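# Per-entry structural report
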Amino acid sequence: MEDFIKTNDGFIQVTCHFCFEPFEVQLEVSSENFLKNSEIIDCTICCNPNKIDYEVDESGIITLSITDGND
Ligand SMILES: [Zn+2]
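Reading guide: rules and limits
Residues numbered from 1 in each chain as written. Predicted model: local features only at pLDDT ≥ 70, side-chain atom pairs only at ≥ 80, totals over all residues. Core = buried A, V, L, I, M, F, W, Y, C linked by C-beta atoms within 7 Å. Buried ≥ 20, exposed ≤ 12 C-beta atoms within 10 Å, placed from the backbone. Helix = DSSP H or I, 4+ residues; strand = E, 2+ residues; numbered from the N terminus. Pairing = 2+ DSSP bridges. Axes fitted to C-alpha atoms, helices over the stretch in contact; angles between N-to-C directions.

To continue, consider the nonpolar core. Core analysis: the biggest nonpolar cluster contains 6 residues, these being V14, I52, Y54, V56, L64 and I66. Contributions of two or more residues to this core are made by β5 (49-57) and β6 (60-68).

So, in structure tokens, the structure goes:
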């Protein structure tokens, strides 16, 4: 599942894995974390943990997927 929108203020709008509501996250996109990254971020609407796997290159975030962070 890939679903994200880059907003103008540096945030990424993603869709919650649990409640399917959009919420905004801020992810690190520096040259120190090019390629694979993952973070667990709680949904601002339902508070469930979303595991966000994303890849970064010099143009910013190139892929992003959201799965269940309850592992
Ligand atoms: Zn949610």
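Now for the environment of D71. Locating D71 in the fold gives a position in the segment after β6. Look at D71 and you get exposed, because 7 C-beta atoms sit within 10 Å. For the pair D71 and E58, spaced 13 residues apart in sequence, the C-alpha separation works out to 31 Å.

Bridge count between β5 and β6: 8 bridges; the pairing is antiparallel. Each residue of the ladder has a partner; that of D57, found in β6, is G60. Taking the residues between adjacent antiparallel strands as the criterion, β5 and β6 are bridged by 2 residues.

Another point: the sheet that holds β6. Consider a sheet: its strands pair through backbone hydrogen bonds, and that pairing is either parallel or antiparallel. The strand order β4-β5-β6 describes an open sheet built from 3 strands, whose pairing is antiparallel. Each end of this open sheet is capped by a strand with a single partner; those strands are β4 (35-42) and β6. Here the strands of the sheet are splayed against their neighbours by 25 degrees on average, with no regard to which way each runs.

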